[in-house]
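Per-entry structural report
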Amino acid sequence: MPCLDKKSVTDVEVAGKKVLVRVDFNVPLKADKIKDDTRILAAVPTIRYLLKHNTSLILISHLGRPKGQRRPDLSLAPVAKRLAEILDIPVVFVDDCIGEKVNQAVSSLKSGEVLLLENLRFHPEEEKNDPEFAKKLADLADIYVNDAFGVAHRAHASTEGITHFLPSVAGFLIEKEMKALCSVIDSPRRPYVAIIGGAKVSNKIMIIESLIKKVDKLLIGGGMGNTFLAAAGYNMQTSLIEPDKIDWAREFLQTDIAKERLVLPVDLVVAAFFSADAEHRVCPVDGVPDGWQALDIGPATVDLFTTVVNSAGTIVWNGPLGAFEIKAYAEGTMAIARAVADATAFSIIGGGDSVSAVHKAGVMDRISHISTGGGASLELLGGEILPGIAALPSK
Ligand code: 3PG
């Protein structure tokens, strides 16, 4: 897929039209409070552009994983409120995304007005990419704009299916993300270093296998690092590992490319149990005490990773390197955030947790590109095609 050839919102006549914009408003919520509105803010340039060009806007999004059930705790209603504050105009909210109520709200929508529809994933047809459901969404508007980069790696009705029924274009966020990520895919400044953390190996196996062929060094830590250390023969005691991925990891570690490019932790911060006030200390990877667990990378690993990061031309980081939400186990992730910010490399950070770690470290403004899509950016960098973007017509 040539990286940057998609028709854009600026390539079509929008004035006087009803425009359906797929956004990714999958924001972290606590009760009905939005804990981080980065993804809402990221959609604003496209929204403002369309409003300025005399359109009426219908916004659609998912929130969380309600698995086709109506879940009041995953309603987009709080997002409508926050968006109205940001735009400083009313945002009409309808508690469904298809049906009579929605049709009525759409037909009374005037130019310059904004409507946000309820969570698409309350309907199981969304994730099944059901064509009838996609057609119902398409029937609401004249033009479809996809600006939901964070969910572009999913072939869902609102990201892929709908493009078969409406003239479709990319919004500014998708353009911005693709521009940054494609520059790395096409010609990364070398050395190209990827840092992968987070809890689970399982959903990143394919990416690890393809990414290692593209990078010069692949640094792995966090819960994911534990599984690799266990596969390398270290006794990780009660650390979080994925036992069913150890065989895969062991085979991977024996490949020539992994021997040359993979860098694993050499020491860890270990604790007696998973708690802020548990007894904890630093130990080498071959010295995890009986019954203890690894919760962060240790200072020698920070030094090792920092040396690699310092010499990098490009850095891609996805996934924290420890339980950074607890102060006692945050230093590894924070130190790497500072090292990435201090490096002269072109840096890309994606994934909710890594982005909030960088935020916590106070270095957001020194990262070249903060991606709104953790899974989407990693899949793209690993060489996958993103169905939500592939479905859009070329210029
Ligand atoms: C994300 O948060 O990564 C995107 O919104 C996609 O969500 P999903 O992983 O539930 O499809």
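Residues numbered from 1 in each chain as written. Predicted model: local features only at pLDDT ≥ 70, side-chain atom pairs only at ≥ 80, totals over all residues. Heavy atoms only, no water.

Observations concerning the overall build of the chain
Within the chain, the regular secondary structure consists of 15 helices and 17 strands. Referenced to the eigenvectors of the C-alpha coordinate spread, the extents of the chain come out at roughly 65 × 45 × 35 Å. Counting every position in the chain, which comprises 395 residues, the buried fraction comes to 57%. Contacts spanning at least 24 positions in sequence make up 73% of the contacts within the chain whose residues lie at least 6 apart. Separation between the mean location of the 43 positive side-chain charges and that of the 49 negative ones in the chain comes to 3 Å. (Helix = DSSP H or I, 4+ residues; strand = E, 2+ residues; numbered from the N terminus. Buried < 20%, exposed > 50% of the residue type's maximum accessible area, 1.4 Å probe, protein only. Contact = heavy atoms within 4.5 Å. Lys, Arg positive; Asp, Glu negative; His and termini not counted. Charge placed at Lys NZ, Arg CZ, Asp CG, Glu CD.)

Remarks on the site of the ligand
Neighbouring the ligand are D24, N26, R39, H62, R65, R121, G150 and R154. At 2.7 Å from an oxygen atom of the ligand is found a side-chain nitrogen or oxygen belonging to R65. Here R154 contributes a side-chain N or O atom positioned 2.6 Å from an oxygen atom of the ligand. For the ligand, the protein covers 84% of the area, taking 310 Å² as the surface of the free molecule. In terms of residue class, the shell around the ligand is made up of no nonpolar, 3 polar and 5 charged. (Near = heavy atom within 4 Å. Polar contact = N/O pair within 3.5 Å; in protein donor to acceptor, adjacent residues only side chain to side chain. Areas by Shrake-Rupley, 256 points an atom, 1.4 Å probe, with all protein chains shown as cover. Nonpolar A, V, L, I, M, F, W, Y, C, P; charged D, E, K, R; others polar.)

Some words on the pattern of salt bridges
Counted under the stated rule, the structure contains 17 salt bridges. Across the salt bridge formed by R71 and D73, the nearest N and O atoms sit 2.7 Å from each other. Its relative accessible area of 32% is what places R71 among the partly exposed residues. Residue D73 is classed as partly exposed on the basis of its relative accessible area of 44%. A salt bridge links R250 to D247; its shortest N-O distance comes to 3.0 Å. Here R250 and its partner D247 are both found in helix α9 (residues 246-253), 3 residues apart, which amounts to about one turn of the helix. A relative accessible area of 36% places R250 in the partly exposed class. Among the residues examined, D247 registers a relative accessible area of 52% and is labelled exposed. (Salt bridge = Lys/Arg side-chain N within 4 Å of Asp/Glu carboxyl O.)

Brief notes about the sheet that holds strand β14 (residues 293-297)
Sheets are built from strands that pair by backbone hydrogen bonding, the pairs being arranged parallel or antiparallel. In spatial order, the strands read β13-β12-β14; together these 3 strands make up an open sheet with antiparallel pairing. Looking at which strands have only one partner, the edges of the open sheet turn out to be β13 (280-284) and β14. Geometrically, the sheet is characterised by an average inter-axis angle of 40° between neighbouring strands, direction not taken into account. Two strands pair when backbone bridges link them, and strand β12 (residues 267-271) and β13 are joined in this way by 5 bridges, in the antiparallel orientation. (Pairing = 2+ DSSP bridges. Axes fitted to C-alpha atoms, helices over the stretch in contact; angles between N-to-C directions.)

Things to note about the pairing of strand β4 (residues 56-60)
The buried fraction of β4 is high, at 5 of 5 residues. Where strand β1 (residues 18-22) meets β4, 5 bridges bridge the pair, whose relative direction is parallel. Looking at the pairing, L20 lines up with I58 of β4.

A word on the domain arrangement of the chain
Along its sequence, the chain is carved into domain 1 (9-174) and domain 2 (188-381). Computed from C-alpha atoms alone, the centre-to-centre distance between domain 1 and domain 2 is 34 Å. Facing 6 residues of domain 1, the contacting portion of domain 2 comprises 7 residues. Between domain 1 and domain 2, a total of about 630 Å² is buried, with carbon and sulfur atoms accounting for 66% of that surface. Contact with domain 2 buries surface across domain 1, with R39, F149 and H153 losing the most and accounting together for 68% of the total. Here domain 1 and domain 2 share 1 residue pair in polar contact (both at pLDDT 80 or more) between them. Counted by class, the side of domain 1 that touches domain 2 contains 3 nonpolar, 2 polar and 1 charged residues. (Domains from an automatic or database assignment. Buried area = accessible area lost by both parts, 1.4 Å probe.)

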